[in-house]
Amino acid sequence: MSLKTIIGAHELNELLQGDGIVIFDCRFELKDPNEGRRQYHESHVAGAHYAHLDQDLSGPILPRETGRHPLPDPIKLMKWL
């Protein structure tokens, strides 16, 4: 199976018929960090999980050491996933 970065709805639907596919909805709005979760609750791909950029996909922000969304600890992210 060849993988592409972006796929269409029909291809996603075909993939979801098999096992081993997990979908994460990562919508996020910098001006309103809760907007992505609101949109997810309004409509999302069936079975998708919400991944919040600040809470789930970023590590702690350390002033003068990290940027806005530093990479999370790999072990913590793996456990969360």
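Residues numbered from 1 in each chain as written. Predicted model: local features only at pLDDT ≥ 70, side-chain atom pairs only at ≥ 80, totals over all residues. Heavy atoms only, no water.

Visitor: Quick rundown of the nonpolar core? Include the residues and the values.
Guide: Counting residues in hydrophobic clusters, the biggest one holds 5 residues: Leu 12, Ile 23, Tyr 40, Ala 48 and Tyr 50. Once residues within four sequence positions are removed from consideration, Ile 23 is found in contact with Leu 12, Leu 16, Gly 47, Ala 48 and His 49. (Core = buried A, V, L, I, M, F, W, Y, C linked by side-chain atoms within 4.5 Å. Buried < 20%, exposed > 50% of the residue type's maximum accessible area, 1.4 Å probe, protein only. Contact = heavy atoms within 4.5 Å.)

Visitor: Give me unusual backbone geometry: which residues, what numbers.
Guide: Unlike most non-glycine residues, Arg 64 shows phi in positive territory, near 65°. Position of Arg 64 among the secondary structure elements: in the loop between β2 (49–50) and α3 (74–80). The class of Arg 64 is exposed, set by a relative accessible area of 86%. (Helix = DSSP H or I, 4+ residues; strand = E, 2+ residues; numbered from the N terminus.)

Visitor: How would you sum up the pattern of salt bridges? Please name residues and give values.
Guide: When the charged atoms of two side chains with opposite charge come close together, those side chains can pair. A complete count under the given rule lists 3 salt bridges for this structure. Here Arg 27 ties to Asp 25 by a salt bridge, and the two come within 2.7 Å at their closest N and O atoms. Using a relative accessible area of 12% as the deciding quantity, one classes Asp 25 as buried. (Salt bridge = Lys/Arg side-chain N within 4 Å of Asp/Glu carboxyl O.)

Any functional reading would require information that these geometric values do not contain.
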